Each structure stands twice: as C-alpha cells, then as structure tokens.
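Descriptive analysis of the structure
Okay, here's what each chain looks like letter by letter:
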2 protein chains.
Amino acid sequence: MLIVQKFGGTSVANLERIRAVGERVRKTKEEGHDVVVVLSAPAGETDQLLKLANEISESPDPRECDSLISLGEQKNIALLGLYLHSKQVPCISLTAAQIPILSNKDHGKARILHIVPDRIRKELKSGKIVILPGFQGITDEGDTTTLGRGGSDTSAVAFAAALKADLCEIYTDVDGVYTADPRVVENPKLLKKISYEEMMELADSGAKVLQTRSVEVAAKHRVPLKVRSSFNDKPGTEVVAENETLEKILVAGVTLNTQEAKVAIRRIPSEAGVLAKFFAPLAEAGINVDMIVENLSKDGTTDLAFTVSKEDLRKTLKLAEGVAKRLGAGKVEAASDIAKISIVGLGMRTHAGVAYQIFKILADLGVTVQMVSTSEIKVSLVVAIDDAKRAVKGLHQAFGLDRSE
Amino acid sequence: MLIVQKFGGTSVANLERIRAVGERVRKTKEEGHDVVVVLSAPAGETDQLLKLANEISESPDPRECDSLISLGEQKNIALLGLYLHSKQVPCISLTAAQIPILSNKDHGKARILHIVPDRIRKELKSGKIVILPGFQGITDEGDTTTLGRGGSDTSAVAFAAALKADLCEIYTDVDGVYTADPRVVENPKLLKKISYEEMMELADSGAKVLQTRSVEVAAKHRVPLKVRSSFNDKPGTEVVAENETLEKILVAGVTLNTQEAKVAIRRIPSEAGVLAKFFAPLAEAGINVDMIVENLSKDGTTDLAFTVSKEDLRKTLKLAEGVAKRLGAGKVEAASDIAKISIVGLGMRTHAGVAYQIFKILADLGVTVQMVSTSEIKVSLVVAIDDAKRAVKGLHQAFGLDRSE
C-alpha cells in the first residue's frame with residue numbers, strides 16, 4: 001500500500017516526539033508499505049513566528065509573512081530526515097518548491113492548485129520514505145504561500161489524492177473523532193467510523209480534530225482517511241464514504257463553538273438584493289460569516305442575524321452600521337456572550353423530527369434558543385454562553401451518545 | 001551607486017537590531033543608492049539548529065542538515081522585509097532558490113558557482129530594496145546548501161561581484177579592522193585602509209572580522225570592501241587593492257589563534273614523496289592542515305611538524321601514527337597547549353630583517369619559538385599558550401601599533 005501519514009503540532013513538538021514519529025514511519029515502511037510523511041510545525045512555533053511578524057509590523061506584508069511562518073514545517077521535515085538517516089532508513093525531505101506543490105497567490109489562506117507527483121513517485125520508487133511539509137505551497141512565480149490554520153491536514157489529503165494513495169492517516173493528540181469535546185462532556189463516545197459529510201459538518205462546527213477543507217478534499221477524491229493518536233496504537237476513527245458507514249446512528253456528534261459573536265439588524269426595508277448589500281462589504285474585508293438567519297415580515301421589513309468570529313466583531317459592526325444607515329434600517333445589535341452548538345448526523349436526512357427533539361431537550365433544560373439554522377445533516381443553534389456547556393451535555397446524553405462504562 | 005550591505009549575526013540578533021538595520025538601509029536608499037541587503041542568521045541561531053541536528057543524529061545527513069541550518073537567514077530576510085514594508089519602503093526578500101544562487105554539492109562547505117543577477121536587477125530597477133540570505137545556495141537539482149562558517153561574508157561579496165556593485169559594506173559588531181584583537185592587546189589601532197592581501201593573511205590567521213574566502217573573492221573581482229560597525233556611524237576600514245593603500249606601514253596587524261594543536265614526527269627516513277604520504281590520509285579525511293614545517297637532516301632523516309585544529313587532533317594522530325609506523329619513523333608527538341601568532345604586513349616584502357626583529361623581540365620577552373613558517377607578507381610562529389598573550393602584546397607595541405592617546 002501507499003500510505004500518507006500526517007503528524008500534527010503536538011506529535012512533532014520536540015526531538016523526542018520526532019523520534020517517536022520516526023519509529024512509527026519506519027515500522028510502517030518495514031511492514032512493506034510505501035510511506036509519505038507530512039509534518040506540521042512544532043506546536044506553537046507558527047504562532048510564535050506570527051507574533052514576531054506582528055511585532056515588527058502593524059500589518060504584515062502577506063508575501064514576507066508567509067516566507068516567515070512557513071519555516072516551522074521546514075525545520076521539522078529536516079529534523080525527521082536527519083533522524084531517519086541516522087537510523088539508516090533511506091529517506092528524503094522535499095520543500096514545497098522542490099516537490100513542487102503549486103497554490104494560488106492568496107497568501108495566508110492559499111488554495112492548492114496542483115501537486116506534481118513525479119519527484120515524490122521517483123523517490124518512493126527508489127525505496128525512500130518521502131518527508132513533506134504541510135501548510136504550504138508555492139505560486140507559479142516561486143513565492144512561498146501558506147494554506148491557513150489547519151492547512152497541514154489539507155496538504156496531507158491533497159498529497160494522498162495526487163498520489164492516489166491507499167490510505168491517509170492523520171495523527172494527532174486525541175484517539176480519534178468523539179461524539180463531543182471531552183473537555184465539555186464527561187464521557188463522549190469515540191466513533192469507529194464516520195462519513196465524510198458528517199465529518200465536514202463536525203469540523204465546520206468547531207470539532208478541531210480535522211480541518212474542514214481537508215475533509216472536503218478527501219470526500220471529493222474519495223481518499224480513505226483515518227484519524228489516530230500518535231501517542232498510542234489505538235485504531236482511531238475511519239472517515240469513509242456514506243455507504244460504508246456501518247453504524248446507522250441518528251446523531252454522530254455535538255460540537256460547541258465559543259469563538260463567535262452575533263450581529264442582528266432589525267427592520268430592514270426589504271428590497272431585492274438587500275442581503276447582498278449587507279454582505280458585500282464584509283466579503284471585501286475578508287470577514288467570514290458563519291450562520292445566517294433571515295426572516296421577512298409581512299410589513300415589508302426583514303430581520304437579519306448572523307455570526308462572525310469574535311475578533312472580526314468590531315470591524316463587522318462598523319461596516320454593518322454603515323449599510324444599515326444607508327438603507328434606513330433599525331439599530332444594529334451585537335452580542336459576544338453567545339455560543340454556537342451544532343448537532344450533526346446523517347440520520348437527520350431520513351428521520352423527521354430531529355429538530356423538534358432538539359428544541360424539546362433544550363426547553364426541558366430551560367435553555368433559550370437565540371438563533372437556529374439547519375442544513376441537511378446539521379442543526380446549529382445560538383444560545384447564551386452561560387447555558388452552552390449544560391446544553392451540550394444534555395443533548396449529548398439525550399441522543400444516547402454517552403459512553404456506557 | 002549600487003551598494004551591497006551585509007549584516008552579521010549580532011547586527012540582526014533580535015527585532016530591535018533588525019529595525020536598526022531597516023533604518024540604515026532605508027537611509028542609504030533615500031540617499032539615492034540602489035541597495036542590496038545580505039543578512040546572517042540571528043546570532044547563535046545557526047549553532048542552535050546545528051545542535052538540534054547533532055542531538056537527533058550522531059552523524060547528520062549533510063543534505064538534511066543544510067536544509068535545517070539555513071533557516072536562520074530565511075527568518076531574518078522575511079523579518080526585515082516585514083519591517084521595511086511596514087514603513088512603506090518598497091522591498092522584496094528572495095531565497096537562494098528564488099535568486100537563484102547556484103553552488104556545488106559540497107554540503108556544509110559549498111562553493112558558490114554562479115549567481116543569476118537578472119531577478120535582483122529587475123527588482124532593483126523597480127525601485128525595491130532587495131533582501132538576500134547569506135550563507136546559502138542551491139545545487140542545480142534545487143537542494144539547499146550552506147557555505148560554511150562565516151559564509152555570509154562570501155555571499156555578500158559574491159553578490160557584489162555578480163552585480164558589479166560599487167561598494168560592499170560588511171556591518172559587524174566592531175568598528176573595523178584592528179592591528180590586534182582588542183581582547184588581547186589593550187590599545188590596538190583601527191586601520192583606515194588595508195590591502196586585500198594583508199586582510200587575507202589576517203583573516204586566515206585568526207582575525208575574525210572577515211572570512212578569508214570573502215576577501216579572496218573581493219580581491220579577485222576587485223570589489224571595493226568596507227568593514228563597519230552596525231552599532232554606530234564610524235567610517236570603518238576600507239579593504240582595497242595594494243596600490244590604493246595610503247599608509248605604508250611595516251606591519252598591519254598581529255593575530256593570535258589558540259584553536260590549533262601541533263603534531264611533530266621526528267627522524268622520518270627521507271625519500272621522495274614522503275610528505276605526500278603523510279598528508280594524503282589527512283586530506284582524504286577532510287582535515288585541514290595549517291602550518292607545515294620540515295627540515296631535512298644530513299643523516300638522511302627528516303623532521304616534520306604541522307598544526308591542525310584542536311578538534312581534529314585525535315583523528316590526525318591516529319592517521320599520522322599509522323604512516324609513521326609504516327615508514328619506520330620516530331615517535332609522533334602532539335601538543336595542544338600551544339598558540340599560533342601571525343605578524344602580517346605588506347612592508348615585509350621590501351624590508352629585510354623583519355623576521356629577525358620578531359625573533360629579537362620575543363627573545364627579549366623570554367618567549368621560546370617552537371615553530372616558524374613564513375610567507376611573503378606574513379610570519380607565523382608557534383609558542384607555548386602561556387606565553388601567547390604576552391608575546392602578542394610585546395610584538396604589537398614593538399612594531400608601533402599601539403594607539404597613542
């Protein structure tokens with residue numbers, strides 16, 4: 001088999017951890033597989049480099065900033081290369097330029113356009129373990145780009161897709177994908193399998209175990225994905241196409257996101273394109289809008305509410321107030337003492353009444369729902385931040401996700 | 001003018017120093033010059049990376065090691081780029097691959113083969129300050145190489161030569177080139193000008209202010225060189241061709257090197273090629289031999305002595321003992337409690353008796369000379385390490401190099 005193994009920041013945080021990674025990939029190689037290793041920067045190093053950039057410049061130049069913050073992964077691939085060489089394991093580390101992995105020019109959140117697999121294939125064919133940096137690419141002009149937070153997962157899946165790998169293993173510091181965050185719920189279940197679709201919704205809703213984009217790419221190219229711990233040998237969670245899912249469960253997981261803030265505008269005189277008018281300046285400013293809820297009244301005005309990340313709130317308010325004033329809308333209200341809860345499950349597609357169940361559970365808990373939006377396999381809710389943990393625990397238990405021990 | 005400005009490790013050790021460098025190059029640019037900046041890694045960072053390499057591997061793979069230890073310069077060029085951008089100064093940092101600067105494949109001590117000046121010229125023409133990494137290159141296969149200790153000086157001079165720059169300024173943490181190391185001699189003189197030849201001999205004899213190879217390249221391409229402090233605005237020392245030297249002085253400087261050890265082999269049965277037999281295995285093992293002294297006796301045997309760096313002594317002894325045994329020579333003796341003193345000056349070429357003066361001064365000081373070798377403009381001596389500082393001070397004073405204040 002050709003296996004891509006990706007190791008996240010805590011799995012490559014220091015020399016001891018890098019040695020452990022070395023032993024794991026060596027074992028995989030000795031079992032007769034071709035191995036491509038994708039590494040993150042040591043935990044915290046990218047943030048530290050970013051801090052330097054922000055210390056020396058108020059608004060860091062994107063090209064220079066990417067050159068700087070891509071160095072952590074380059075350090076780690078060289079270190080793993082040194083370790084494996086010292087153990088007489090044939091290997092080679094390749095930088096983004098040496099591969100090459102081409103991206104667009106969108107510095108800081110670039111998208112992978114094309115991976116040229118020839119060099120990697122050649123090195124694999126000669127019996128080497130190939131060590132690659134996550135999180136980065138180069139433009140067609142040879143400038144370094146980075147893929148944004150969590151981009152190493154996406155790199156790994158993209159390499160697996162380009163090489164038509166048989167498996168892409170994502171090694172992290174948890175045992176796999178849980179039905180809820182163990183820091184919020186005491187006894188969440190570890191999922192043996194989960195569908196790409198559920199995984200995407202979970203990742204998108206704040207489950208930090210995999211980056212959403214990486215699951216999208218995996219689903220698109222049908223890359224068999226596995227999430228495992230680099231600290232033990234447990235089997236982890238398989239992320240697979242829907243028809244392979246063994247357990248038909250109603251709800252796969254409940255997530256909590258406390259990083260968002262809510263903005264609401266009341267009584268907007270309704271006209272065609274009014275939503276576009278609100279969101280155009282936000283898109284231009286690079287502000288990511290998450291939940292959007294709109295409700296048109298019979299009196300010809302409409303109420304709009306949406307969530308953005310807390311750090312974007314001030315900028316968002318300023319822009320939204322400008323538009324509201326021009327349109328003669330009511331006051332713009334904001335709240336950052338909120339949390340978003342998402343309930344994800346393929347079962348929702350076929351089981352009616354899941355939303356009702358959710359509202360009933362929350363009502364019994366005395367939790368007020370401030371916003372709701374639904375997708376095919378997900379219900380997202382905004383509640384007061386003080387109610388959030390209680391709500392997550394209650395939902396988790398009510399949907400039978402607590403591990404019985 | 002086109003000016004290349006190179007800043008060493010202490011000049012770019014932290015963000016505060018990088019800001020100071022930014023202001024200096026900005027000023028140079030505002031004076032109407034085209035500016036190319038060459039940066040070292042932050043002081044100590046390359047050593048730290050090398051330490052990591054040696055911790056994770058007993059004999060680090062050269063290719064992976066170069067990938068690792070080249071990261072310090074890459075960090076600094078991005079940081080300076082960020083700073084200048086933040087001050088609205090047009091600039092661009094380029095990596096070794098983006099320039100490109102091509103070297104041979106001799107990892108860890110690569111030699112620059114060719115610099116393609118087109119990209120740098122294009123960026124200069126568009127009004128940008130161009131920021132380049134010292135110490136590194138790439139092979140024609142795109143692998144990163146490093147040029148060895150002090151290689152950033154050589155990079156700077158090579159860029160200056162390739163671009164036909166009008167001036168190459170080497171910024172460091174001392175005010176320029178002194179007649180002796182201020183840590184050894186209380187009041188050495190700062191040289192206003194020095195010839196390439198003298199500078200080469202001084203550098204080669206342990207003056208750390210410039211790397212020997214960089215002076216060689218500067219002399220070969222007649223690159224006007226200036227050594228200055230990045231911590232003040234003093235004019236520094238100009239390194240120029242001989243006919244430009246204004247001050248005709250007998251001795252330009254006295255250096256001290258305590259990093260070498262002496263090896264002596266007595267009573268070697270003399271035959272043609274006997275020296276080659278001793279030095280062949282050393283050359284093969286990559287051991288650099290510095291001073292070599294040989295003296296053939298009338299009885300048909302010869303005495304040989306040479307110096308190597310202390311860290312190579314053990315390996316050297318083993319190899320030399322092997323050869324000595326095969327040739328039926330006497331015992332191989334070694335001493336590491338020695339120091340090498342060099343006296344350098346163009347004046348030696350025309351003034352007879354400088355060697356005599358040196359021996360007389362040392363005799364008056366009661367210092368025993370263990371070894372002597374001479375070149376056209378240099379006399380090198382080996383003395384006991386306990387005599388070394390006294391000898392340097394005495395020579396410095398006797399040749400009138402003490403600053404009179």
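Residues numbered from 1 in each chain as written. Chains lettered and ligands numbered in written order. Predicted model: local features only at pLDDT ≥ 70, side-chain atom pairs only at ≥ 80, totals over all residues.

**Considerations on the relation of the copies chain A and chain B**
Operational definition: The atoms used to superpose the copies are C-alpha atoms, taken from residues with pLDDT of at least 70 in both, and the fit is least squares. Here the contact rule is simple: place C-beta atoms from the backbone, and any two residues whose C-beta atoms are within 7 Å are in contact.
Aligned on chain B, chain A shows an RMSD of 0.2 Å; the corresponding rotation is 180° and the shift along the axis is 0.1 Å. The operation mapping one copy onto its partner corresponds to a two-fold rotation axis. Across chain A, the rotation axis passes nearest the C-alpha of leucine 71 of chain A, at a separation of 3.5 Å. By residue overlap, the copies meet face to face through one surface: 100% of the interface positions of chain A are interface positions in chain B.

**Some points on the interface of chain A and chain B**
Worth spelling out the cut-off: Numbering of helices and strands starts at the N terminus; helices are DSSP runs of H or I of at least 4 residues and strands are runs of E of at least 2. Three categories are distinguished: nonpolar for Ala, Val, Leu, Ile, Met, Phe, Trp, Tyr, Cys and Pro, charged for Asp, Glu, Lys and Arg, and polar for the others, with Gly belonging to the last.
If you look at the interface, chain A gives 29 residues, while chain B gives 29 residues. Looking at the side of chain A that touches chain B, the elements with two or more residues in it are helix 1 (15–30), helix 2 (45–56), helix 3 (62–69) and helix 4 (71–86) of chain A. In terms of residue count, helix 4 of chain A provides more of the side of chain A that touches chain B than any other element does, 10 residues in total. Of the residues that constitute the side of chain A that touches chain B, the class distribution is 14 nonpolar, 10 polar and five charged.

**Examining unusual backbone geometry**
All names here are of chain A. To be explicit about the condition: Buried residues are those with 20 or more other C-beta atoms within 10 Å of their own C-beta, exposed residues have 12 or fewer, and partly exposed residues lie in between; C-beta atoms are placed from the backbone.
Here the residue pair isoleucine 99 and proline 100 is connected by a cis peptide bond, since its omega of -15° sits within 30 degrees of zero. Tracing the sequence through the fold places proline 100 in the loop between strand 3 (91–93) and strand 4 (101–103). In this structure, arginine 222 is a non-glycine residue whose phi angle is positive, near 50°. Relative to the assigned elements, arginine 222 resides in the loop between helix 8 (212–221) and strand 11 (225–229). By the C-beta count within 10 Å, which is 11 here, arginine 222 ends up exposed.

**Considering the sheet that holds strand 20 (residues 378–384) of chain A**
Residues and elements named next belong to chain A. What counts here: DSSP calls a pair of strands paired once it identifies at least 2 bridges connecting them. Angles run from 0 to 180 degrees between N-to-C directions of axes, and those axes are lines fitted to C-alpha atoms, restricted for helices to the stretch in contact.
Here four strands make up an open sheet; going across it, the order is 13-18-20-19 and the pairing antiparallel. The open sheet is flanked by strand 13 (253–257) and strand 19 (369–375), the only strands paired with a single partner. Sheet twist, expressed as the mean angle between neighbouring strand axes with direction ignored, is 20°. Note that strand 18 (residues 338–344) and strand 20 share seven bridges and pair antiparallel. Within the sheet, the bridge partner assigned to alanine 339 lies in strand 20 and is valine 383. Across the sheet, helix 7 (residues 196–204) is in contact with strand 13, strand 18 and strand 20; its angle to strand 18 comes to roughly 175°. Sheet contacts for helix 12 (residues 385–398): strand 13, strand 18 and strand 20; angle to strand 18, the most-contacted strand, approximately 15°.

**Looking at the packing of helix 2 (residues 45–56) of chain B against helix 3 (residues 62–69) of chain B**
Think of two packed helices as two axes; the pair is described by the angle between the axes and how far apart they sit. All names here are of chain B. Selection rule: In a left-handed crossing the near helix is turned counterclockwise from the far helix by less than a right angle, and in a right-handed crossing that turn is clockwise.
The N-to-C vectors of helix 2 and helix 3 enclose an angle of 145°; their axes lie 9 Å apart at closest approach. Crossing of helix 2 over helix 3 shows right-handed handedness. For the pair helix 2 and helix 3, the contacting residues are Thr46, Leu49, Leu50 and Ala53 in the first and Cys65, Leu68 and Ile69 in the second.

**As for the pairing of strand 13 of chain A**
All names here are of chain A. Burial of strand 13 is extensive: five of the five residues sit out of reach of the surface. Of the two faces of strand 13, the one holding Gly253, Thr255 and Asn257 and the one holding Val254 and Leu256 are both buried throughout. Pairing of strand 13 with strand 18 involves five bridges; the strand directions are antiparallel. Of the residues in strand 18, the one forming a bridge with threonine 255 is serine 342.

**Topic: helix 11 (residues 354–365) of chain A**
Residues and elements named next belong to chain A. Stated precisely, the cut-off is as follows: Take the number of residues in a helix, subtract one, and multiply by 1.5 Å to get its expected span. The arc in question is the one traced by the directions running from the helix axis out to the C-beta atoms.
Over its 12 residues, helix 11 extends 17 Å from the first C-alpha to the last, a length consistent with the 16 Å expected when each residue adds 1.5 Å. Of all the positions in helix 11, only Val354, Ile358 and Leu362 are classed as buried. The arc enclosing the buried residues of helix 11, seen along the axis, measures out at 75°, which places them on a common side. Turned more than 90 degrees away from the buried face of helix 11 sit Tyr356, Lys360, Ala363 and Asp364, all of them exposed. Buried residues along helix 11 sit against strand 18, strand 19, strand 20 and helix 12.

**Considerations on the environment of valine 251 of chain A**
Residue and element names in this part refer to chain A. Along the polypeptide, valine 251 turns up in the loop between strand 12 (237–240) and strand 13. Classification of valine 251 as buried rests on a count of 26 C-beta atoms within 10 Å. Taking the C-alpha atoms as reference, valine 251 lies 6.9 Å from isoleucine 343; in sequence the two are 92 residues apart. The residues touching valine 251, leaving out its near neighbours within four places in the chain, are Ile343, Val344, Gly345, Gly347, Phe399 and Leu401.

**Looking at the sheet that holds strand 16 (residues 301–309) of chain B**
Residues and elements named next belong to chain B. A sheet is described by the order of its strands in space; here four strands give the open sequence 15-16-14-17, paired in antiparallel fashion. Of all strands in the sheet, those bounded by a partner on one side alone are strand 15 (289–296) and strand 17 (332–335). Sheet twist, expressed as the average angle between the axes of neighbouring strands with direction ignored, equals 15°. Here six bridges tie strand 15 to strand 16, and the two strands are oriented antiparallel to one another. What sits directly across from isoleucine 292, in strand 16, is phenylalanine 306. Its contacts with the sheet put helix 9 (residues 274–284) on strand 14 (260–269), strand 15 and strand 16, and the angle it makes with strand 15 is roughly 160°. Contacts from helix 10 (residues 313–327) reach strand 14, strand 16 and strand 17 within the one sheet, and its direction differs from that of strand 14 by about 0°.

**Some words on the domain arrangement of chain A**
Residues and elements named next belong to chain A. Convention followed: All the domain ranges listed were derived from an automatic or database domain assignment.
As far as domains go, chain A holds domain 1 (2–173), domain 2 (261–335) and domain 3 (338–398). Taken together, the contact pairs eight residues of domain 2 with eight residues of domain 3. At the level of secondary structure, the elements contributing two or more residues to the side of domain 2 that touches domain 3 comprise strand 14 (260–269), strand 15 (289–296) and strand 16 (301–309). Counting residues per element, the side of domain 2 that touches domain 3 draws most heavily on strand 15, at three residues.

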